[in-house]
Amino acid sequence: MAKTKMARENWGSKFGFILAAAGSAIGLGNIWKFPYIAGENGGAAFIFVYLICIAIIGLPVLIGEILLGRTTQRNPVGAFKKLSKSKFWISVGFLGVLAGFIILSFYVVIAGWSLGYIWEAISGSFYKFSPTYSSATHFNTLISNVAWNLGFTLGFLLLTMFFVFAGVQKGIEKGSKILMPLLFIILIILAIKGLTMNGSEKGISFLLNPKWRSLHGTSVLIALGHAFFTLSLGMGAMLTYGSYLRKDNNLFSSSTQIVFLDTLIALIAGIAIFTAVFATGQKTDVGPGLIFHTLPVVFTKMSGGYYFSILFFFLLTIAALTSAISLLEVVVSYFVDEKGWKRHNAVIVFGGVTFLIAMPSSLSFNVLSDLHFFGKTFFDLADFLASNIMLPLGGMLISIFIAWVWGFDKALVELKQGAENIFTDKPYIISAWKIFIKYFAPVLIFLVLLNSLGIL
Ligand code: TRP
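Described in the following lines is the structure provided in the data block.

### Some words on empty space enclosed by the protein
Within the structure shown, the criterion is met by four cavities of 30 Å³ or more. Lining the largest cavity are 17 residues, with Ser24, Ile103, Phe229, Ser232 and Leu327 sitting closest to its centre. Going through the elements one at a time, α1 (14-25), α5 (87-122), α10 (217-230) and α14 (305-339) are the ones with two or more residues in the lining of the largest cavity. Taken together, the residues that form the lining of the largest cavity break down as ten nonpolar, seven polar and no charged. Taken as a whole, the second largest cavity spans an internal volume of roughly 90 Å³.

So this is what it looks like as structure tokens:
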């Protein structure tokens, strides 16, 4: 094989790539966020819209991002540099790296809570709740404790750094091959438990019977925004993972498998959570507190809940870990490719910087809770800026770049490698991809952006 000047790392196998990319996609978004936004927006009705968004926007943009990475064999900044001389497009790459940093900085805070809750589960804290000392009070006591918050954030970040430090094949790929099957097994166990509880059918009907009246116009935009977040799109994480691929990978089949796994896990998480929540008579529309307030109570009301609670928070932590790894990898790959840094140094320096930026996010729940920027705490601002502004903006620009700047002629030459059979047997798939990337993605994502900005 022809060697490039700098030996760049590669995935060891197609399966390894798919697990790593699915690991990036499957995260807090699937297990923490998806169930509660589905709960707030009409259950099945929301899921229906979400599936459409995944199919017509998520999958096409995912293929596009991985393609950009595979073609250029570079990080987001390097990828745009290679395909365009324009400063504007190179800055889109920067926007991605920056968004990765910001997402990581608040992601590790919630992931840290999850890590901390493994310990809460093991120590049996959930059984101490009483009418006067509720799960919500317990949660609030924990997050207002600075040492608890920062300690677990740091612990989680160190875990993340460990895998990225070890490299693409030996760290990220190997880790994904262990963690992802484990995640799947735990989730199946939890779903079986949920399904076999008395009264679980109410949870199932909640997930299957659409309540169209709870589905508002903004629910559609929430679904679209989430389709983006859950597939790790819009900031070059999938681009970076794609850059470690060889050209013989069939991007259509890989991307479809990644999307399938991500969607499957979100749905099974929904089943596991809602069957148990209904069976124990808890509320579903409680918002972000669903996991940390409601579930601890749910566990105390089920047989074997002690063990299931440990498994659950372990699952949540694994899901968050493989996603955080992909976020840190984007930043690291940028400094390795563009600035010639050694991987190890980049991981240590930017792991440290991430902790510094994570601190104000973590402290937003205690000592800095009164500090507001534009009416938001530091945590909320970081989340809003990255998830609601930078990701849709990045995703829209990436689609525009592929369709209108780089151009389909060149994109298709690249896409064909490894996927010749689709070009000859199913050319309509190629046409559909073109239409989705060229028109649907930019326009619909633009609407999400307007909605985020409060204009729509
Ligand atoms: N997809 C992950 C989740 O659902 C989060 C995530 C990881 C992410 N990497 C990303 C989101 C890159 C946006 C961009 O939790």
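### Notes on the pattern of salt bridges
Taken as a whole and assessed by the stated rule, the structure comprises six salt bridges. Between Arg343 and Glu9 there is a salt bridge whose closest N-O contact spans 3.0 Å. Here Arg343, found in helix α15 (residues 343-363), pairs with Glu9, found in the segment before α1; they are 334 residues apart in sequence, far enough to count as distant. Two residues, Lys81 and Glu338, come together in a salt bridge whose shortest N-O distance is 3.0 Å. Linking Lys81 in helix α4 (residues 76-83) with Glu338 in helix α14, this pair joins segments that are 257 residues apart in sequence. What you see here is one network of salt bridges that share partners, running through Glu9, Glu329 and Arg343.

### Quick notes on the site of the ligand
Looking at the ligand, there are 17 residues lining it, with Ala25, Gly29, Tyr107, Phe229 and Ser232 nearest. A distance of 3.2 Å is found between a nitrogen atom of the ligand and a backbone nitrogen or oxygen belonging to Ser24. Contact between the ligand and Leu28: an oxygen atom at 3.1 Å from a main-chain N or O atom of the residue. Coverage of the ligand by the protein chains reaches 100% of its 360 Å² of free accessible surface. Judged by the proximity of its atoms to the pocket grid, the ligand belongs to the largest cavity. When residues of the shell around the ligand are traced back to their parent elements, those giving at least two are α1, α2 (28-40), α5, α10 and α14. Broken down by class, the residue content of the shell around the ligand amounts to nine nonpolar, eight polar and no charged.

### Examining helix α8 (residues 168-195)
For an α-helix, the turn length of 3.6 residues means that residues three or four places apart are oriented alike. The end-to-end C-alpha distance of α8, which contains 28 residues, comes to 38 Å, matching closely the 40 Å that a straight helix rising 1.5 Å per residue would cover. At Ser176, α8 shows its strongest bend, of approximately 25°.

### Some remarks on the packing of α14 against α15
Between α14 and α15, the shortest axis-to-axis distance is 9 Å and the interhelical angle comes to 130°. Judged by the inter-axis angle, α14 sits oblique to α15. Classified by chirality, the crossing of α15 by α14 is right-handed. Across the interface between the two elements, Leu328, Glu329, Val331, Val332, Phe335 and Val336 of α14 pack against Arg343, Ala346, Val347, Phe350 and Gly351 of α15. For the contact of α14 with α15, a count of residues per class yields eight nonpolar, one polar and two charged.

Reading guide: rules and limits
- Residues numbered from 1 in each chain as written.
- Predicted model: local features only at pLDDT ≥ 70, side-chain atom pairs only at ≥ 80, totals over all residues.
- Heavy atoms only, no water.
- 1 Å grid on protein atoms, 1.4 Å probe; cavity = no way out; pocket = protein on both sides within 12 Å on 5 of 7 lines; lining within 4 Å.
- Points joined across faces, edges and corners; volume = space filled by probe spheres on them.
- Helix = DSSP H or I, 4+ residues; strand = E, 2+ residues; numbered from the N terminus.
- Nonpolar A, V, L, I, M, F, W, Y, C, P; charged D, E, K, R; others polar.
- Salt bridge = Lys/Arg side-chain N within 4 Å of Asp/Glu carboxyl O.
- Near = heavy atom within 4 Å.
- Polar contact = N/O pair within 3.5 Å; in protein donor to acceptor, adjacent residues only side chain to side chain.
- Areas by Shrake-Rupley, 256 points an atom, 1.4 Å probe, with all protein chains shown as cover.
- Sits in = over half its atoms within 2 Å of the grid points.
- Expected span 1.5 Å × (residues − 1).
- Bend = angle between axes of the 7 residues up to and from the residue.
- Axes fitted to C-alpha atoms, helices over the stretch in contact; angles between N-to-C directions.
- Parallel < 35°, antiparallel > 145°, perpendicular 65-115°, else oblique.
- Left-handed = near helix turned anticlockwise from the far one by under 90°.
- Contact = heavy atoms within 4.5 Å.

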